[in-house]
Amino acid sequence: HTIARLPLSAGITGHVATRGVTVNIEDAQSDPRFRADPQNRYRTHTLLCVPIKHQADVVAVMQLVNKRAATVSRATAFREGMQQSGGGRSKPPTTFTPFTDRDIDRFDEFAVYAGAALRACRLYSDLQDQSLERSRGLLETVGLRPEAVPFGLGWC
């Protein structure tokens, strides 16, 4: 796996990160801010991107892609697939639908909890760093080398 690194202002996530606004796009391919990864064959149709904030600061961005349209039950799809293909299994075509105001409200609510979780992880990590530094100082005070003592990494 490779990680694509982009400037903070690039693309739709950059737009959301720098402006702190939610973006809902019905056709991502036609949006000039959309940047497709040429090595990825995944096609983005619909996109909902929201900022994760702590107080007024954007600390992260998350997105939902390709909301599927409501489909028929599996049993109905299976029967229709068998009839269309002469008994073999076929997959019904996937259609996508725009994200609704209700989707936005729910995702914004989820972003609040995600922000709180990220903040808790940051605080926990900071406390661990402080504790690690104090422990190293104590070890040096009593004449032990800190690198000889294993210290665990946090879960966040």
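In this text, all values refer to a predicted model and were calculated from it rather than measured experimentally.

Conventions and cut-offs
Residues numbered from 1 in each chain as written. Predicted model: local features only at pLDDT ≥ 70, side-chain atom pairs only at ≥ 80, totals over all residues. Heavy atoms only, no water. Buried < 20%, exposed > 50% of the residue type's maximum accessible area, 1.4 Å probe, protein only. Helix = DSSP H or I, 4+ residues; strand = E, 2+ residues; numbered from the N terminus. Contact = heavy atoms within 4.5 Å. Phe/Tyr/Trp six-rings, centres within 6.5 Å; stacked < 30°, edge-to-face > 60°. Pairing = 2+ DSSP bridges.

J.: Give me helix H1 (residues 11–19): which residues, what numbers.
T.: Since the α-helix advances by 3.6 residues per turn, residues separated by three or four positions end up pointing in the same direction. Three or more residues of H1 are buried, namely Gly11, Ile12, Gly14, His15 and Val16. On its buried face, H1 sits against strand S1 (23–25), strand S2 (47–54) and strand S3 (57–65). Phi turns positive one or two residues past the end of H1, at Gly20, with a value near 70°.

J.: Help me get a handle on the packing of aromatic side chains, residues and values and all.
T.: A full pass over the atoms with the stated rule returns 1 aromatic pair. Here Phe107 and Phe110 contribute two aromatic rings whose centre-to-centre distance is 6.4 Å and whose plane-to-plane angle is 0°, an arrangement assigned as stacked. Of the two residues, Phe107 and Phe110 both sit in helix H3 (residues 101–141), 3 residues apart, roughly one turn of that helix.

J.: An account of the pairing of S2 is needed here, citing residue identities and associated values.
T.: S2 sits mainly inside the fold: 6 of its 8 residues count as buried. Both S1 and S2 contribute to a ladder of 3 bridges, which runs antiparallel. Looking at S2, one finds that Asn24 is bridged to Leu48. Sheet topology places S2 next to S3; 8 bridges connect them, and they run antiparallel. Paired with Val50 across the two strands is Met62, which belongs to S3.

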